[in-house]
Amino acid sequence: MKCPFCGHDNTRVIDSRPADENNSIRRRRVCDECGKRFTTYEKIETIPLIVIKKDNNRETYDRSKIEAGVLRACHKRPVSANQITRLVDEVETEIFNKEEKEIPSQVIGELVMDRLKSMDAVAYVRFASVYREFKDINTFMDELKKVITTK
């Protein structure tokens, strides 16, 4: 680490301790050339996940959007808050395990629907009706028939 005072390349760590609720490490350093001390912080570098929307716009991943969609779909259904949180956690884990920098919103929607289908059929159909943008009653009925035949 280069000394911010004299620019010398030879510095030593004299103290290290966790900082920022264990999300970083605070290091006290001393320059071997000028003897001055300074502090550095070491953090994990995270690359933000980008979601590619249907219209090809891109935006940063936002967990709260998945939660809001699932909450709307589960409104007045016998689905607990813990079940919703678990569903969102599972979807999020699967998304990040793909280790992609960009992910289409369709992939996220399909992951949510797969889990909702087994949790609550009504919530699944509600989510699917918004997500798949049903244009008429026939496409809605086709989706309902799929749910009925898989039960």
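The rules behind the values
- Residues numbered from 1 in each chain as written.
- Predicted model: local features only at pLDDT ≥ 70, side-chain atom pairs only at ≥ 80, totals over all residues.
- Heavy atoms only, no water.
- Helix = DSSP H or I, 4+ residues; strand = E, 2+ residues; numbered from the N terminus.
- Expected span 1.5 Å × (residues − 1).
- Buried < 20%, exposed > 50% of the residue type's maximum accessible area, 1.4 Å probe, protein only.
- Contact = heavy atoms within 4.5 Å.
- Core = buried A, V, L, I, M, F, W, Y, C linked by side-chain atoms within 4.5 Å.
- Pairing = 2+ DSSP bridges.
- Axes fitted to C-alpha atoms, helices over the stretch in contact; angles between N-to-C directions.
- Salt bridge = Lys/Arg side-chain N within 4 Å of Asp/Glu carboxyl O.

### Concerning helix H3 (residues 105-119)
Working step 1: Between the first and last C-alpha of H3 there are 21 Å, a value that for 15 residues agrees with the 21 Å anticipated at 1.5 Å per step.
Working step 2: The set of residues buried in H3 consists of Ser105, Ile108, Gly109, Leu111, Val112, Met113, Arg115 and Leu116.
Working step 3: Summarising the contacts, the buried residues of H3 are in contact with strand E4 (50-52), helix H1 (63-73), helix H2 (81-97), strand E6 (102-104) and helix H4 (121-131).

### Quick notes on the nonpolar core
Working step 1: Formed by 25 residues in total, the largest nonpolar core has its most connected members in Ile66, Val70, Val91, Ile95, Ile108, Val112 and Leu116.
Working step 2: Here the element with the most residues in this core is H4; it accounts for six residues.
Working step 3: Setting aside anything within four residues of it in sequence, one finds leucine 116 in contact with Val70, Ala73, Cys74, Leu87, Ala121, Ala123, Tyr124 and Phe127.

### A word on the side chain of glutamate 92
Working step 1: Residue placement: glutamate 92 occurs in helix H2.
Working step 2: For glutamate 92, a relative accessible area of 19% corresponds to the buried category.
Working step 3: Beyond its immediate chain neighbours, meaning those up to four positions away, glutamate 92 contacts Tyr61 and Arg63.

### Side note on the sheet that holds E4
Working step 1: Strand order in the open sheet made by the three strands is E5-E4-E6, with mixed pairing throughout. With partners counted over all chains shown, the strands left at the sheet margins are strand E5 (58-60) and E6, one partner each. Across the sheet, the axes of successive neighbouring strands diverge by a mean angle of 30°, strand direction being ignored.
Working step 2: Of the strand pairs in this sheet, E4 and E5 are connected by three bridges, and their pairing is antiparallel.

### Quick look at the pattern of salt bridges
Working step 1: If you walk through the whole model with that rule in mind, you get eleven salt bridges.
Working step 2: Between arginine 63 and aspartate 89 there is a salt bridge, and its shortest N-O distance comes to 2.7 Å. Of the two residues, arginine 63 is situated in helix H1 and aspartate 89 in helix H2; the sequence distance between them amounts to 26 residues.
Working step 3: For the salt bridge of aspartate 120 with arginine 77, the shortest nitrogen-to-oxygen distance reads 3.0 Å. You can see aspartate 120 sitting in the loop between H3 and H4 and its partner arginine 77 sitting in the loop between H1 and H2, a full 43 residues away along the chain.
Working step 4: When its relative accessible area of 8% is taken as the criterion, aspartate 120 is described as buried.
Working step 5: Judged by its relative accessible area of 28%, arginine 77 is partly exposed.
Working step 6: Overlapping salt bridges bring together Arg63, Glu67, Asp89 and Glu92 as one network.

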